[in-house]
Amino acid sequence: MAQQFNPQNIKKKTSILVFLKGSTAPLVLYVENPQELYTELNQLMKSASAVLVEKETQGPIKKVCFVSNQIAAVAMQEEQYV
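Residues numbered from 1 in each chain as written. Predicted model: local features only at pLDDT ≥ 70, side-chain atom pairs only at ≥ 80, totals over all residues. Heavy atoms only, no water.

S.K.: Just to check I follow, could you spell out the pattern of salt bridges for this structure?
M.R.: Pairing between side chains of opposite charge can happen when their charged atoms approach one another. All told, the structure shown has three salt bridges when counted by the stated rule. Close ionic contact of glutamate 40 with lysine 55 constitutes a salt bridge, the shortest N to O distance being 2.9 Å. Of the two residues, glutamate 40 sits in helix α1 (residues 34-46) while lysine 55 sits in strand β3 (residues 52-56), which places them 15 residues apart along the sequence. A residue is classified by how much of its surface remains accessible, and glutamate 40, at 32% relative accessible area, is partly exposed. The closest approach of N and O atoms between lysine 63 and glutamate 54, which form a salt bridge, is 3.7 Å. (Salt bridge = Lys/Arg side-chain N within 4 Å of Asp/Glu carboxyl O. Helix = DSSP H or I, 4+ residues; strand = E, 2+ residues; numbered from the N terminus. Buried < 20%, exposed > 50% of the residue type's maximum accessible area, 1.4 Å probe, protein only.)

Printed below as a string of structure tokens:
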């Protein structure tokens, strides 16, 4: 018999994907306020000066550091889990 999931038990979490130049896979970052991080990284991409970005996160990656001029793209991803 197939297991049935109660739709009320399905939760959503949002992650930020940071695509770095020369990297094949993005960094997947889970933070308290993903919209704020997305906006911050988006602004850093527009800046002409390179800035060191260091963040503490809540997912498997606990701490990350990269240079802002190495960001190729940023995305927000919504995931469902039980």
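Don't stop here, the text continues.
S.K.: Would you mind showing me how to read the pairing of β3 here?
M.R.: When a strand is regular, its side chains alternate between the sheet's two faces. Relative to strand β4 (residues 63-67), β3 runs antiparallel, the two being bridged by five bridges. Within the sheet, the bridge partner assigned to lysine 55 lies in β4 and is valine 64. (Pairing = 2+ DSSP bridges.)

S.K.: What is the right way to look at the packing of aromatic side chains in this model?
M.R.: Given two aromatic rings, one states the distance between the centres and the angle between the planes to describe the pair. Applying the stated criterion across every chain, the model contains zero aromatic pairs. Cation over ring: lysine 13 sits above tyrosine 81, and NZ or CZ is 5.0 Å from the ring centre. (Phe/Tyr/Trp six-rings, centres within 6.5 Å; stacked < 30°, edge-to-face > 60°. Lys NZ or Arg CZ within 6 Å of the ring centre and 35° of its normal.)

S.K.: How should the sheet that holds strand β1 (residues 11-20) be read in this particular structure?
M.R.: Hydrogen bonding along the main chain pairs the strands of a sheet, whether they run parallel or antiparallel. Overall, antiparallel pairing links the three strands, which are arranged β2-β1-β5 in an open sheet. On the outer flanks of this sheet lie β2 (27-29) and β5 (71-81), each paired with one strand and no other. Taking each pair of neighbouring strands and ignoring which way they run, the sheet shows an average axis angle of 25°. In terms of strand pairing, β1 meets β5 through ten bridges, oriented antiparallel. Within β5, the position partnered with leucine 20 by the bridge is isoleucine 71. Lying over the sheet, α1 contacts β1, β2 and β5, oriented at roughly 165° with respect to β5. (Axes fitted to C-alpha atoms, helices over the stretch in contact; angles between N-to-C directions. Contact = heavy atoms within 4.5 Å.)

S.K.: When you look at the environment of valine 28 in this model, what are you seeing that I'm missing?
M.R.: Mapped onto the secondary structure, valine 28 falls in strand β2. Sequence separation of valine 28 and glutamine 8 is 20 residues, and the distance between their C-alpha atoms is 26 Å. Ignoring sequence-local partners within four residues, the contact set of valine 28 consists of Ser15, Ile16, Leu17 and Ile61.

S.K.: Any chance you could explain the side chain of serine 15 here in plain terms?
M.R.: Its place among the elements puts serine 15 in strand β1. Within polar-contact distance, the side chain of serine 15 engages the side chain of glutamate 79 at 3.2 Å. (Polar contact = N/O pair within 3.5 Å; in protein donor to acceptor, adjacent residues only side chain to side chain.)

S.K.: Quick question: what am I supposed to make of the environment of lysine 46 here?
M.R.: Here lysine 46 lies in helix α1. The exposure class of lysine 46 is exposed, given its relative accessible area of 60%. Sequence-wise, lysine 46 and asparagine 69 are 23 residues apart; in three dimensions their C-alpha atoms are separated by 9.2 Å.

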